[in-house]
Amino acid sequence: MTGLGPIPDNLVLGAPVDLPNQNPDVMKPMQLNDIAAEEAIRDSEIDLSAVDLDRFGCAISGHMGDAAGRSILEGRDINWVTTGKQWWQQLYPNTSCGQIANRYGLLGPRICHSTACASGLVDMMSAVRAIRDNQCDVALVGSGETIDPLFAAGFRSMRVLSDSDDPKNSCRPFDRNRNGFVMGEGSAMFVIERRDHALARGAKIYAEILGCRCLSEAHHVTGLDMESIALERLISDTMRVSDISPRDIEYVNCHGTGTKQNDINEIRGIRAAFGIQAQRTCVSSLKSMIGHLVNASGSVELAVTTLALRDGFMPPTSNLRNPDPECDLDCIPQVGRSLKAQHAMKLSVAFGGHLVAVAIRRWNDAATGFGYPEELRRAA
(Lines give C-alpha, C1' and ligand atoms only; values in the text may rest on other atoms or scores of the structure.)
Protein backbone atom coordinates (compact mmCIF):
# COMPACT_ATOMS: atom_id res chain seq x y z
CA MET A 1 0.00 0.00 0.00
CA THR A 2 1.04 3.58 -0.64
CA GLY A 3 -0.42 6.87 0.45
CA LEU A 4 -1.48 5.80 3.95
CA GLY A 5 -0.63 9.11 5.58
CA PRO A 6 2.35 8.85 7.91
CA ILE A 7 2.81 5.11 7.29
CA PRO A 8 5.80 4.53 4.97
CA ASP A 9 4.90 3.31 1.48
CA ASN A 10 5.14 -0.44 0.83
CA LEU A 11 5.19 -1.27 4.55
CA VAL A 12 1.63 -2.64 4.78
CA LEU A 13 -0.06 -5.13 2.46
CA GLY A 14 -3.60 -4.34 1.34
CA ALA A 15 -6.36 -5.31 -1.06
CA PRO A 16 -7.90 -1.96 -2.08
CA VAL A 17 -10.89 -1.40 -4.36
CA ASP A 18 -10.31 0.90 -7.33
CA LEU A 19 -13.07 3.43 -7.98
CA PRO A 20 -12.87 4.79 -11.54
CA ASN A 21 -14.71 7.98 -10.62
CA GLN A 22 -13.63 8.45 -7.02
CA ASN A 23 -14.64 11.79 -5.53
CA PRO A 24 -11.74 13.15 -3.42
CA ASP A 25 -14.18 15.22 -1.35
CA VAL A 26 -16.22 12.22 -0.16
CA MET A 27 -14.90 9.47 2.08
CA LYS A 28 -14.30 6.27 0.17
CA PRO A 29 -16.45 4.03 2.45
CA MET A 30 -19.41 6.28 1.72
CA GLN A 31 -18.83 5.99 -2.02
CA LEU A 32 -18.59 2.20 -1.80
CA ASN A 33 -21.82 2.08 0.22
CA ASP A 34 -23.57 4.34 -2.30
CA ILE A 35 -22.63 2.00 -5.16
CA ALA A 36 -23.65 -1.14 -3.28
CA ALA A 37 -26.95 0.40 -2.12
CA GLU A 38 -27.86 1.42 -5.65
CA GLU A 39 -27.03 -2.06 -6.94
CA ALA A 40 -29.08 -3.72 -4.18
CA ILE A 41 -32.14 -1.56 -4.80
CA ARG A 42 -31.89 -2.21 -8.54
CA ASP A 43 -31.31 -5.95 -8.10
CA SER A 44 -34.30 -6.26 -5.76
CA GLU A 45 -36.55 -4.63 -8.38
CA ILE A 46 -38.43 -2.95 -5.55
CA ASP A 47 -40.56 -0.01 -6.65
CA LEU A 48 -39.94 2.69 -4.05
CA SER A 49 -43.00 4.59 -5.25
CA ALA A 50 -45.20 1.56 -4.57
CA VAL A 51 -44.06 0.65 -1.04
CA ASP A 52 -44.72 2.38 2.26
CA LEU A 53 -41.46 4.25 2.92
CA ASP A 54 -42.61 4.84 6.52
CA ARG A 55 -42.05 1.11 6.95
CA PHE A 56 -38.77 0.90 5.02
CA GLY A 57 -35.81 0.76 7.43
CA CYS A 58 -32.09 1.32 6.91
CA ALA A 59 -29.34 -0.47 8.85
CA ILE A 60 -25.84 0.43 7.66
CA SER A 61 -22.88 -0.15 9.94
CA GLY A 62 -20.54 2.53 11.17
CA HIS A 63 -17.32 3.30 9.32
CA MET A 64 -14.19 5.21 10.21
CA GLY A 65 -14.71 8.98 10.45
CA ASP A 66 -12.94 11.51 8.25
CA ALA A 67 -9.20 11.49 9.03
CA ALA A 68 -8.88 14.91 7.41
CA GLY A 69 -11.41 16.30 9.85
CA ARG A 70 -9.48 14.82 12.76
CA SER A 71 -6.34 16.50 11.46
CA ILE A 72 -8.10 19.86 11.28
CA LEU A 73 -9.31 19.60 14.84
CA GLU A 74 -5.79 18.82 15.96
CA GLY A 75 -4.38 21.72 13.93
CA ARG A 76 -2.09 19.57 11.82
CA ASP A 77 -3.57 20.10 8.38
CA ILE A 78 -5.31 23.44 8.30
CA ASN A 79 -5.13 23.54 4.50
CA TRP A 80 -8.11 21.17 4.36
CA VAL A 81 -10.33 24.04 5.55
CA THR A 82 -10.04 25.78 2.18
CA THR A 83 -10.32 22.74 -0.11
CA GLY A 84 -14.11 22.58 -0.13
CA LYS A 85 -14.03 19.08 1.38
CA GLN A 86 -17.06 18.85 3.67
CA TRP A 87 -15.19 17.03 6.40
CA TRP A 88 -17.60 18.23 9.10
CA GLN A 89 -20.36 16.13 7.52
CA GLN A 90 -18.19 13.01 7.48
CA LEU A 91 -16.83 12.84 11.01
CA TYR A 92 -19.48 10.48 12.34
CA PRO A 93 -19.58 6.69 11.87
CA ASN A 94 -23.30 6.88 11.03
CA THR A 95 -22.91 9.39 8.17
CA SER A 96 -23.31 6.82 5.40
CA CYS A 97 -26.41 5.30 7.00
CA GLY A 98 -28.08 8.68 7.27
CA GLN A 99 -27.19 9.89 3.81
CA ILE A 100 -28.27 6.70 2.04
CA ALA A 101 -31.57 6.62 3.94
CA ASN A 102 -32.13 10.26 2.95
CA ARG A 103 -31.24 9.54 -0.67
CA TYR A 104 -33.99 6.93 -0.99
CA GLY A 105 -36.45 8.59 1.39
CA LEU A 106 -36.43 5.67 3.83
CA LEU A 107 -38.45 6.73 6.88
CA GLY A 108 -38.48 3.52 8.90
CA PRO A 109 -36.02 2.58 11.69
CA ARG A 110 -32.52 3.92 11.06
CA ILE A 111 -29.93 1.64 12.69
CA CYS A 112 -26.14 1.96 12.86
CA HIS A 113 -23.81 -0.12 15.00
CA SER A 114 -20.06 0.04 15.41
CA THR A 115 -19.04 -3.30 16.86
CA ALA A 116 -15.69 -3.86 15.15
CA CYS A 117 -15.62 -6.78 12.70
CA ALA A 118 -19.09 -7.93 13.82
CA SER A 119 -20.78 -4.69 12.72
CA GLY A 120 -22.26 -6.01 9.48
CA LEU A 121 -23.92 -9.01 11.12
CA VAL A 122 -25.08 -7.00 14.15
CA ASP A 123 -26.90 -4.58 11.87
CA MET A 124 -28.38 -7.49 9.90
CA MET A 125 -29.63 -9.00 13.15
CA SER A 126 -31.05 -5.64 14.25
CA ALA A 127 -32.90 -5.15 10.96
CA VAL A 128 -34.34 -8.66 11.12
CA ARG A 129 -35.52 -7.95 14.65
CA ALA A 130 -37.11 -4.64 13.54
CA ILE A 131 -39.10 -6.52 10.89
CA ARG A 132 -40.14 -9.25 13.31
CA ASP A 133 -41.14 -6.60 15.86
CA ASN A 134 -43.38 -5.03 13.18
CA GLN A 135 -41.42 -1.77 13.10
CA CYS A 136 -40.98 -2.11 9.35
CA ASP A 137 -41.67 -4.46 6.45
CA VAL A 138 -38.44 -4.05 4.50
CA ALA A 139 -34.93 -2.73 5.16
CA LEU A 140 -31.75 -1.84 3.31
CA VAL A 141 -28.92 -3.47 5.25
CA GLY A 142 -25.15 -3.60 4.87
CA SER A 143 -21.78 -2.04 5.53
CA GLY A 144 -18.66 -0.76 3.84
CA GLU A 145 -15.09 0.00 4.87
CA THR A 146 -11.74 1.02 3.43
CA ILE A 147 -8.14 0.85 4.59
CA ASP A 148 -7.71 3.65 7.11
CA PRO A 149 -4.25 4.70 8.36
CA LEU A 150 -5.37 4.39 11.98
CA PHE A 151 -6.62 0.86 11.41
CA ALA A 152 -3.43 -0.07 9.59
CA ALA A 153 -1.19 1.39 12.29
CA GLY A 154 -3.18 -0.23 15.08
CA PHE A 155 -3.28 -3.68 13.50
CA ARG A 156 0.42 -3.50 12.70
CA SER A 157 1.20 -2.57 16.30
CA MET A 158 -0.83 -5.60 17.41
CA ARG A 159 1.24 -7.75 15.03
CA VAL A 160 -1.84 -9.28 13.39
CA LEU A 161 -1.01 -8.18 9.83
CA SER A 162 0.77 -10.51 7.45
CA ASP A 163 4.28 -9.41 6.52
CA SER A 164 4.73 -12.01 3.77
CA ASP A 165 7.07 -11.24 0.88
CA ASP A 166 4.48 -12.77 -1.48
CA PRO A 167 1.33 -10.60 -1.39
CA LYS A 168 -0.83 -13.02 -3.40
CA ASN A 169 -0.20 -15.83 -0.94
CA SER A 170 0.09 -13.75 2.20
CA CYS A 171 -3.22 -14.54 3.92
CA ARG A 172 -3.38 -18.25 4.77
CA PRO A 173 -6.23 -19.04 7.20
CA PHE A 174 -6.05 -22.47 8.87
CA ASP A 175 -2.55 -23.02 7.45
CA ARG A 176 0.33 -24.11 9.68
CA ASN A 177 2.41 -21.24 8.28
CA ARG A 178 -0.16 -18.46 8.57
CA ASN A 179 1.12 -15.15 9.95
CA GLY A 180 -1.81 -12.75 9.96
CA PHE A 181 -4.31 -11.06 7.69
CA VAL A 182 -4.27 -8.51 4.89
CA MET A 183 -6.51 -5.46 5.10
CA GLY A 184 -9.16 -5.15 2.41
CA GLU A 185 -11.91 -2.85 1.18
CA GLY A 186 -15.47 -3.27 -0.02
CA SER A 187 -19.17 -3.02 0.66
CA ALA A 188 -22.26 -5.20 0.43
CA MET A 189 -25.93 -4.30 0.75
CA PHE A 190 -29.08 -6.40 1.09
CA VAL A 191 -32.75 -5.70 0.71
CA ILE A 192 -34.43 -7.84 3.38
CA GLU A 193 -38.20 -8.15 3.68
CA ARG A 194 -40.97 -9.80 5.57
CA ARG A 195 -41.68 -12.93 3.58
CA ASP A 196 -45.30 -12.10 2.72
CA HIS A 197 -44.20 -8.61 1.63
CA ALA A 198 -41.61 -10.05 -0.74
CA LEU A 199 -43.97 -12.66 -2.17
CA ALA A 200 -46.75 -10.13 -2.66
CA ARG A 201 -44.60 -8.01 -4.95
CA GLY A 202 -43.13 -11.00 -6.80
CA ALA A 203 -39.56 -10.56 -5.53
CA LYS A 204 -36.78 -12.92 -6.57
CA ILE A 205 -35.51 -14.37 -3.29
CA TYR A 206 -31.95 -15.56 -2.69
CA ALA A 207 -32.31 -17.01 0.78
CA GLU A 208 -34.33 -16.99 3.98
CA ILE A 209 -32.80 -15.67 7.21
CA LEU A 210 -33.64 -18.32 9.78
CA GLY A 211 -32.03 -16.91 12.89
CA CYS A 212 -29.41 -14.53 14.26
CA ARG A 213 -27.73 -14.49 17.66
CA CYS A 214 -25.16 -12.25 19.35
CA LEU A 215 -23.10 -13.10 22.42
CA SER A 216 -19.87 -11.90 24.01
CA GLU A 217 -16.81 -13.57 25.44
CA ALA A 218 -16.13 -11.14 28.30
CA HIS A 219 -12.53 -12.27 28.01
CA HIS A 220 -10.17 -9.69 26.48
CA VAL A 221 -10.23 -6.76 24.05
CA THR A 222 -8.25 -8.59 21.37
CA GLY A 223 -7.45 -12.03 22.83
CA LEU A 224 -9.85 -14.97 22.46
CA ASP A 225 -10.99 -17.65 24.87
CA MET A 226 -9.23 -20.67 23.43
CA GLU A 227 -11.73 -23.01 25.06
CA SER A 228 -14.32 -21.47 22.69
CA ILE A 229 -17.09 -21.81 25.26
CA ALA A 230 -18.96 -18.66 24.22
CA LEU A 231 -18.62 -19.45 20.51
CA GLU A 232 -19.96 -22.96 21.03
CA ARG A 233 -22.97 -21.51 22.86
CA LEU A 234 -23.50 -18.91 20.13
CA ILE A 235 -23.56 -21.53 17.37
CA SER A 236 -25.87 -23.81 19.37
CA ASP A 237 -28.24 -20.96 20.24
CA THR A 238 -28.39 -19.85 16.60
CA MET A 239 -29.32 -23.35 15.48
CA ARG A 240 -31.95 -23.56 18.23
CA VAL A 241 -33.71 -20.31 17.30
CA SER A 242 -33.44 -21.28 13.62
CA ASP A 243 -35.04 -24.68 14.28
CA ILE A 244 -32.20 -26.54 12.59
CA SER A 245 -29.58 -29.04 13.72
CA PRO A 246 -25.89 -29.59 12.92
CA ARG A 247 -26.99 -32.18 10.38
CA ASP A 248 -28.71 -29.43 8.37
CA ILE A 249 -25.74 -27.05 8.07
CA GLU A 250 -23.45 -28.11 5.25
CA TYR A 251 -21.32 -24.96 5.06
CA VAL A 252 -19.96 -22.46 7.60
CA ASN A 253 -18.38 -19.23 6.42
CA CYS A 254 -15.81 -18.50 9.12
CA HIS A 255 -14.40 -15.20 10.29
CA GLY A 256 -11.07 -16.85 9.40
CA THR A 257 -8.53 -14.07 9.87
CA GLY A 258 -5.42 -16.18 9.43
CA THR A 259 -4.22 -15.51 12.98
CA LYS A 260 -3.42 -18.48 15.19
CA GLN A 261 -5.87 -17.54 17.95
CA ASN A 262 -8.84 -16.86 15.68
CA ASP A 263 -8.52 -19.91 13.47
CA ILE A 264 -8.16 -22.36 16.34
CA ASN A 265 -10.90 -20.65 18.37
CA GLU A 266 -13.39 -20.96 15.50
CA ILE A 267 -12.59 -24.57 14.61
CA ARG A 268 -12.87 -25.61 18.27
CA GLY A 269 -16.18 -23.78 18.64
CA ILE A 270 -17.65 -25.35 15.50
CA ARG A 271 -16.44 -28.81 16.48
CA ALA A 272 -17.87 -28.49 20.00
CA ALA A 273 -21.26 -27.25 18.77
CA PHE A 274 -21.60 -29.67 15.85
CA GLY A 275 -20.24 -32.77 17.56
CA ILE A 276 -19.78 -35.72 15.23
CA GLN A 277 -21.52 -33.79 12.42
CA ALA A 278 -18.53 -31.44 12.22
CA GLN A 279 -16.74 -34.04 10.09
CA ARG A 280 -19.30 -33.67 7.29
CA THR A 281 -19.50 -29.86 7.40
CA CYS A 282 -17.19 -27.77 5.23
CA VAL A 283 -15.88 -24.36 6.27
CA SER A 284 -13.83 -21.67 4.56
CA SER A 285 -12.48 -18.14 4.89
CA LEU A 286 -12.97 -15.47 2.23
CA LYS A 287 -10.30 -13.27 3.81
CA SER A 288 -7.76 -15.47 2.03
CA MET A 289 -8.94 -13.86 -1.23
CA ILE A 290 -10.41 -10.43 -0.48
CA GLY A 291 -8.65 -9.44 2.73
CA HIS A 292 -10.14 -8.36 6.05
CA LEU A 293 -12.80 -5.69 5.49
CA VAL A 294 -13.11 -4.94 9.23
CA ASN A 295 -16.53 -3.28 9.75
CA ALA A 296 -17.71 -4.52 6.35
CA SER A 297 -16.44 -8.08 6.64
CA GLY A 298 -19.68 -9.56 7.99
CA SER A 299 -21.86 -8.05 5.26
CA VAL A 300 -19.58 -8.91 2.34
CA GLU A 301 -18.95 -12.44 3.58
CA LEU A 302 -22.66 -13.05 4.23
CA ALA A 303 -23.37 -11.87 0.68
CA VAL A 304 -20.91 -14.38 -0.75
CA THR A 305 -22.34 -17.11 1.49
CA THR A 306 -25.81 -16.32 0.13
CA LEU A 307 -24.54 -16.53 -3.45
CA ALA A 308 -22.79 -19.80 -2.62
CA LEU A 309 -26.17 -21.31 -1.71
CA ARG A 310 -27.76 -19.80 -4.81
CA ASP A 311 -25.16 -21.29 -7.16
CA GLY A 312 -24.42 -24.52 -5.31
CA PHE A 313 -20.72 -23.65 -5.16
CA MET A 314 -18.84 -23.20 -1.88
CA PRO A 315 -15.88 -20.77 -1.94
CA PRO A 316 -12.44 -22.06 -0.99
CA THR A 317 -9.83 -21.04 1.54
CA SER A 318 -7.18 -19.82 -0.84
CA ASN A 319 -3.49 -20.43 -0.04
CA LEU A 320 -4.30 -23.32 2.33
CA ARG A 321 -1.54 -25.76 1.43
CA ASN A 322 -0.26 -27.00 4.78
CA PRO A 323 -3.24 -27.38 7.15
CA ASP A 324 -2.69 -26.80 10.83
CA PRO A 325 -3.43 -30.09 12.66
CA GLU A 326 -5.50 -28.08 15.14
CA CYS A 327 -7.69 -26.83 12.27
CA ASP A 328 -8.76 -30.32 11.28
CA LEU A 329 -12.13 -29.68 9.63
CA ASP A 330 -12.77 -29.64 5.88
CA CYS A 331 -11.59 -26.08 5.11
CA ILE A 332 -12.03 -26.37 1.30
CA PRO A 333 -8.34 -25.81 0.48
CA GLN A 334 -7.43 -23.70 -2.57
CA VAL A 335 -10.26 -24.72 -4.93
CA GLY A 336 -14.00 -24.13 -4.49
CA ARG A 337 -16.45 -27.00 -4.44
CA SER A 338 -19.74 -27.77 -6.12
CA LEU A 339 -22.21 -28.54 -3.33
CA LYS A 340 -25.96 -27.96 -3.39
CA ALA A 341 -26.07 -26.98 0.26
CA GLN A 342 -29.44 -25.88 1.61
CA HIS A 343 -28.31 -24.30 4.88
CA ALA A 344 -25.29 -22.21 5.82
CA MET A 345 -24.04 -20.23 8.78
CA LYS A 346 -21.94 -17.06 8.82
CA LEU A 347 -19.77 -16.30 11.86
CA SER A 348 -18.14 -13.06 13.00
CA VAL A 349 -15.60 -13.08 15.83
CA ALA A 350 -14.68 -9.48 16.55
CA PHE A 351 -12.31 -7.51 18.75
CA GLY A 352 -14.04 -6.46 21.93
CA GLY A 353 -15.53 -9.93 22.39
CA HIS A 354 -18.41 -9.48 19.90
CA LEU A 355 -19.63 -12.84 18.57
CA VAL A 356 -22.41 -13.05 15.97
CA ALA A 357 -23.90 -15.84 13.89
CA VAL A 358 -26.51 -15.79 11.12
CA ALA A 359 -28.17 -18.94 9.75
CA ILE A 360 -29.70 -18.87 6.28
CA ARG A 361 -31.58 -21.32 4.05
CA ARG A 362 -31.61 -21.41 0.26
CA TRP A 363 -34.89 -20.34 -1.34
CA ASN A 364 -35.83 -23.16 -3.72
CA ASP A 365 -39.24 -22.09 -5.01
CA ALA A 366 -39.05 -22.23 -8.80
CA ALA A 367 -41.22 -19.16 -9.34
CA THR A 368 -39.61 -16.81 -6.85
CA GLY A 369 -36.13 -18.27 -6.38
CA PHE A 370 -33.06 -18.99 -8.46
CA GLY A 371 -32.16 -22.13 -10.35
CA TYR A 372 -28.68 -23.63 -10.17
CA PRO A 373 -26.35 -22.47 -12.98
CA GLU A 374 -26.33 -25.84 -14.76
CA GLU A 375 -30.14 -25.91 -14.72
CA LEU A 376 -30.24 -22.46 -16.30
CA ARG A 377 -27.73 -23.55 -18.95
CA ARG A 378 -29.82 -26.61 -19.79
CA ALA A 379 -32.96 -24.49 -20.00
CA ALA A 380 -31.21 -22.06 -22.36
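In this text, all values refer to a predicted model and were calculated from it rather than measured experimentally. (Residues numbered from 1 in each chain as written. Predicted model: local features only at pLDDT ≥ 70, side-chain atom pairs only at ≥ 80, totals over all residues. Heavy atoms only, no water.)

A. Quick peek at the overall build of the protein chain. If you tally the helices and strands in the protein chain, you get 11 helices and 13 strands. Taking 21 Å as the expected radius of gyration for a compact globule of 380 residues, we find that the protein chain reaches 20 Å, a close match to that expectation. Across its three principal axes, the protein chain shows a C-alpha extent of roughly 60 × 55 × 45 Å. By residue count, 54% of the 380 residues in the protein chain fall in the buried class. Within the protein chain, residue pairs in contact and separated by at least 24 positions form 76% of the contacts whose partners lie at least 6 positions apart. Of the roughly 16,700 Å² that the protein chain leaves accessible, carbon and sulfur atoms contribute 50%. (Helix = DSSP H or I, 4+ residues; strand = E, 2+ residues; numbered from the N terminus. Rg over C-alpha atoms; globule rule 2.2 N^0.38 Å. Buried < 20%, exposed > 50% of the residue type's maximum accessible area, 1.4 Å probe, protein only. Contact = heavy atoms within 4.5 Å. Areas by Shrake-Rupley, 256 points an atom, 1.4 Å probe, with all protein chains shown as cover.)

B. Quick peek at the side chain of Asn-319. On the secondary structure map, Asn-319 appears in the loop between strand 10 (313–314) and strand 11 (337–338). Within the local environment of Asn-319, its side chain forms a polar contact with the backbone oxygen of Lys-168, the two atoms lying 3.5 Å apart. There is a polar contact of 2.8 Å between the side chain of Asn-319 and the backbone oxygen of Cys-171. (Polar contact = N/O pair within 3.5 Å; in protein donor to acceptor, adjacent residues only side chain to side chain.)

C. Quick look at the sheet that holds strand 13 (residues 354–362). One open sheet accounts for five strands, arranged 7-13-12-8-9; its pairing is mixed. The outermost strands of the open sheet, each flanked by one partner alone, are strand 7 (207–216) and strand 9 (282–284). Direction aside, neighbouring strands of the sheet carry axes that sit 20° apart on average. Where strand 8 (residues 251–253) and strand 9 come together, three bridges link them in parallel fashion. Counted as the bridge partner of Tyr-251 is Cys-282 from strand 9. (Pairing = 2+ DSSP bridges. Axes fitted to C-alpha atoms, helices over the stretch in contact; angles between N-to-C directions.)

D. Spotlight on the pairing of strand 4 (residues 138–145). For strand 4, a buried count of eight out of eight residues is recorded, marking the element as mostly surrounded by other parts of the structure. Residue alternation in strand 4 divides its side chains into two sets, Val-138, Leu-140, Gly-142 and Gly-144 and Ala-139, Val-141, Ser-143 and Glu-145, and both sets are buried. When strand 2 (residues 56–60) meets strand 4, the two strands line up parallel, connected through five bridges. Within the sheet, the bridge partner assigned to Ala-59 lies in strand 4 and is Val-141. Where strand 4 lies against strand 6 (residues 186–193), eight bridges are found, and the strand directions are antiparallel. When the sheet's bridge partners are listed, Val-138 is paired in strand 6 with Glu-193.

E. Main features of the pairing of strand 12 (residues 343–350). Counted residue by residue, strand 12 has eight buried out of eight residues, so it is predominantly covered. Burial along strand 12 is two-sided: His-343, Met-345, Leu-347 and Val-349 facing one way and Ala-344, Lys-346, Ser-348 and Ala-350 facing the other are all buried. For strand 8 and strand 12, the ladder comprises three bridges, and the chain directions are parallel. Directly across from Val-252, in strand 12, lies its bridge partner Met-345. Direction of pairing for strand 12 relative to strand 13: antiparallel, over a ladder of eight bridges. Note on strand 13: the bridge partner recorded for Leu-347 is Ala-357.

F. Focus on the packing of aromatic side chains. Here the structure, examined in full by the defined rule, presents three aromatic pairs. Ring plane angle 85° and centroid distance 5.2 Å describe the contact between Phe-155 and Phe-181, whose orientation is recorded as edge-to-face. Remark: Phe-181 occurs in the loop between helix 5 (149–157) and strand 5 (183–184) and Phe-155 occurs in helix 5; sequence separation between them is 26 residues. For Phe-155, a relative accessible area of 5% gives the class buried. Here the aromatic rings of Tyr-206 and Phe-370 are separated by 4.6 Å at their centres, their planes lie at 20°, and the arrangement is stacked. Taken together, the residues span a long stretch of sequence, with Tyr-206 in the loop between helix 6 (195–200) and strand 7 and Phe-370 in the loop between strand 13 and helix 11 (373–379) at a distance of 164 residues. Classification of Phe-370 as partly exposed rests on a relative accessible area of 24%. Grouped by ring-pair contacts, the aromatic residues Phe-151, Phe-155 and Phe-181 constitute a single cluster. Just above the ring of Phe-370 sits the side chain of Arg-310; from NZ or CZ to the centre is 5.9 Å. (Phe/Tyr/Trp six-rings, centres within 6.5 Å; stacked < 30°, edge-to-face > 60°. Lys NZ or Arg CZ within 6 Å of the ring centre and 35° of its normal.)

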